[in-house]
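Structure assessment
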Amino acid sequence: MAEATANGLGQHALHPHDAAIVAKAETHQEHPIKLYLVVWAWLFILSTCSYLVDYFGLHGYLRWSLILIFMMLKAGLIVAVFMHMAWERLAMMYAIILPPILVLVFVAMMVFESDYTLLTRIAFFGPGP
Amino acid sequence: MAETTLTHTSQMDRPRGLRGIAADWASDQRAFKNVSWGKAMMWIFLLSDTFIFGCFLLSYMTARISTRVPWPNPSEVFALRIGGSEIPLILIAIMTFVLISSSGTMAMAVNFGYRRDRRKTAILMLLTAALGATFVGMQAFEWTKLITEGVRPWGNPWGAAQFGSCFFMITGFHGTHVTIGVIFLIIVARKVWRGDFDTGRPGFFTSRRGRYENVEIMGLYWHFVDLVWVFIFAFFYLW
């Protein structure tokens, strides 16, 4: 079973078992240990990279874009491999991953709101001390 | 459950892609075909937790954008003096590596769990718990350092007053999650070690038999804690 692939849906369907189809259809995830070690190493590399962004004191858009790229890569690796999302059915992926992405709408709203707050604060209290 | 039971044929010719999502979510279907209720509910819990942390990070963003006072530079605030020179953010970097390592050992524990290797699973889970406890310990050190330097939820010596409240709220809530994770890791590791999932011994609280899938569900929570730290590290410490 060591080399077994994740989504056993098709596999189990090919080997008709007893009546408890639902129980059988619920698959578990088994992958080679090597995969986890490779992802682990990549997470270390990416974390080091994002630390170096701060260590070398990069500024402005270069800093922000690098931080976001390394963050998304790390998050993607953790969710896809460690949490096995890459091998789930699409119905599951969309149910879990889509809602957090919609939070970006909330982010956009709050960016406008806080910019307005800053504007009014500067208008009433003057620029910062 | 009869109405949601899958048959071989219906599994074989499920549509794919977006049409497949619509078909899986249709009213006569069980939405998550090959995922047990335990795993599905953990995912849904994690989704709700994502919103909680999302709101924390959002309010931090709002506070940081809207203040006229300059934000304290995290690179300097979290610097440590090691060997006579200030190294920026070093403690946070070490904490990140500790948490990532704990995620790695957890992933391996899940793997060995499904191979019915009780010993390795339990040892790896306890190692995960130890790394998690190390993380919380370092966080306690960090909090102590900042509090002695005068950081309070209502002010700090370096700049915008909101820095303290954001810091204590976000890292505190994350640390609580890690602590709860450590406790549950120890509980599940004990069950694995004792062979509860082989003998089908009823759980002390639910009286239900556990399966090795419990290790994977525990793993989902633990990886989520690591995942949240990735975002906190990027937005709070590095930005």
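Just so we're clear, the structure is a prediction, and the values are computed from it rather than from any experiment.

Here we take up the overall build of chain B. Helix and strand content of chain B: nine helices and two strands. Going residue by residue from the N terminus, the α and β elements of chain B occur as α-α-α-α-β-β-α-α-α-α-α. Taken over the C-alpha atoms alone, chain B extends approximately 65 × 45 × 30 Å along its principal axes. Burial statistics for chain B: of 239 residues in total, 37% are counted as buried. A separation of at least 24 residues holds for 68% of the contacts in chain B among residues at least 6 apart in sequence.

As a further point, take the overall build of chain A. The secondary structure content of chain A amounts to five helices and zero strands. Ordered by position from N to C terminus, the α and β elements of chain A give α-α-α-α-α. By the burial criterion, 23% of the 129 residues in chain A qualify as buried. Within chain A, contacts between residues at least 6 apart in sequence are counted, and of these 54% link residues at least 24 apart.

Moving on: the packing of helix 6 (residues 118-148) of chain B against helix 7 (residues 162-194) of chain B. All names here are of chain B. Between helix 6 and helix 7, whose axes approach to 9 Å, the crossing angle comes to 160°. Relative to helix 7, the element helix 6 lies roughly antiparallel. When you trace helix 6 past helix 7, the crossing you get is left-handed. Here Arg-118, Thr-121, Ala-122, Met-125, Leu-126, Thr-128, Ala-129, Gly-132, Ala-133, Phe-135, Val-136 and Gln-139 of helix 6 come into contact with helix 7, specifically with Thr-171, Gly-175, Val-178, Thr-179, Gly-181, Val-182, Leu-185, Ile-186, Val-188, Ala-189, Val-192 and Trp-193. Classifying every residue of the contact of helix 6 with helix 7 gives 15 nonpolar, eight polar and one charged.

Structurally, the α-helix is built with 3.6 residues per turn, so residues lying three or four positions apart point the same way. Its 36 residues give helix 5 (residues 90-125) of chain A an end-to-end C-alpha distance of 52 Å, which sits within 8% of 52 Å, the value for a rise of 1.5 Å per residue. The principal kink in helix 5 of chain A, of about 30°, is found at Leu-98 of chain A, preceding the proline Pro-99 of chain A by one to four residues. For helix 5 of chain A, the set of buried residues is Ala-91, Met-92, Ala-95 and Ile-96 of chain A. Its buried side turned inward, helix 5 of chain A meets helix 2 (17-24) and helix 3 (37-66) of chain B.

Let's shift gears to the packing of helix 3 (residues 33-55) of chain A against helix 4 (residues 60-82) of chain A. All names here are of chain A. In the contact formed by helix 3 and helix 4, the axes pass within 10 Å of each other and the chain directions differ by 165°. Our classification of the angle between helix 3 and helix 4 gives roughly antiparallel. In this structure, helix 3 crosses over helix 4, and the sense of that crossing is left-handed. On helix 4, the residues touching Leu-35, Val-39, Trp-42, Leu-43, Leu-46, Ser-47, Cys-49, Ser-50 and Val-53 of helix 3 are Arg-63, Leu-66, Ile-67, Phe-70, Leu-73, Lys-74, Leu-77, Val-81 and Phe-82. Residues of the contact of helix 3 with helix 4, tallied by class, amount to 14 nonpolar, two polar and two charged.

Confidence along chain A averages 82 in pLDDT terms, with 78% of residues attaining 70 or more. Predicted confidence for residues 1-23 of chain A stays below pLDDT 50, and this span has 30 contacts to residues more than four positions away or in other chains.

So, about the interface of chain A and chain B. Accessible area lost when the parts come together is the quantity often used to give the size of an interface. Taken residue by residue, the interface counts 57 residues in chain A and 54 residues in chain B. Contributing elements (two or more residues each) for the side of chain A that touches chain B: helix 1 (9-14), helix 2 (21-25), helix 3, helix 4 and helix 5 of chain A. Ranked by residue count, the leading element in the side of chain A that touches chain B is helix 5 of chain A, at 20 residues. Partitioning the side of chain A that touches chain B into residue classes produces 38 nonpolar, ten polar and nine charged.

On to the domain arrangement of chain B. Once the domains are mapped, chain B shows domain 1 (1-34) and domain 2 (36-238). A C-alpha centroid distance of 35 Å is found between domain 1 of chain B and domain 2 of chain B.

Counting 75 residues, the largest nonpolar core has Ala-109, Met-125, Leu-185 and Phe-233 of chain B as the members making the most contacts within it. Breaking this core down by element, the ones donating at least two residues are helix 3, helix 4 and helix 5 of chain A together with helix 3, helix 5 (90-114), helix 6, helix 7 and helix 9 (213-238) of chain B. It is helix 9 of chain B that contributes the most residues to this core, 18 residues altogether. The contacts of Leu-185 of chain B, once residues within four sequence positions are left out, are Met-125, Thr-128, Ala-129, Gly-132, Met-218 and Trp-222 of chain B.

Here we come to the environment of Phe-78 of chain B. Residues and elements named next belong to chain B. Relative to the assigned elements, Phe-78 resides in the loop between helix 4 (74-77) and strand 1 (80-82). Sequence spacing of Phe-78 and Ala-31 is 47 residues, and the spatial spacing of their C-alpha atoms is 46 Å. When near neighbours in sequence (up to four residues on either side) are disregarded, Phe-78 contacts Leu-89, Leu-91, Ile-92 and Tyr-237.

Now for the confidence of the model for chain B. All names here are of chain B. Taken as a whole, chain B shows an average pLDDT of 89; of its residues, 95% reach a score of 70 or greater. The low-confidence segment residues 1-9, where pLDDT is below 50, has twelve contacts with residues more than four positions distant or belonging to other chains. Here the prediction assigns the complex a pTM of 0.87, and the interface score ipTM is 0.87.

Residues and elements named next belong to chain B. Note on placement: Met-106 falls in helix 5. Residue Met-106 is classed as buried on the basis of its 31 C-beta neighbours within 10 Å. Placed 90 residues apart in sequence, Met-106 and Asp-196 show a C-alpha to C-alpha distance of 19 Å. Ignoring anything within four residues of it in the chain, the contact list for Met-106 reads Thr-128, Gly-219, Trp-222 and His-223.

Thresholds applied
Residues numbered from 1 in each chain as written. Chains lettered and ligands numbered in written order. Predicted model: local features only at pLDDT ≥ 70, side-chain atom pairs only at ≥ 80, totals over all residues. Helix = DSSP H or I, 4+ residues; strand = E, 2+ residues; numbered from the N terminus. Buried ≥ 20, exposed ≤ 12 C-beta atoms within 10 Å, placed from the backbone. Contact = placed C-beta atoms within 7 Å. Axes fitted to C-alpha atoms, helices over the stretch in contact; angles between N-to-C directions. Parallel < 35°, antiparallel > 145°, perpendicular 65-115°, else oblique. Left-handed = near helix turned anticlockwise from the far one by under 90°. Nonpolar A, V, L, I, M, F, W, Y, C, P; charged D, E, K, R; others polar. Expected span 1.5 Å × (residues − 1). Bend = angle between axes of the 7 residues up to and from the residue. pLDDT = per-residue confidence, 0-100. Domains from an automatic or database assignment. Core = buried A, V, L, I, M, F, W, Y, C linked by C-beta atoms within 7 Å.

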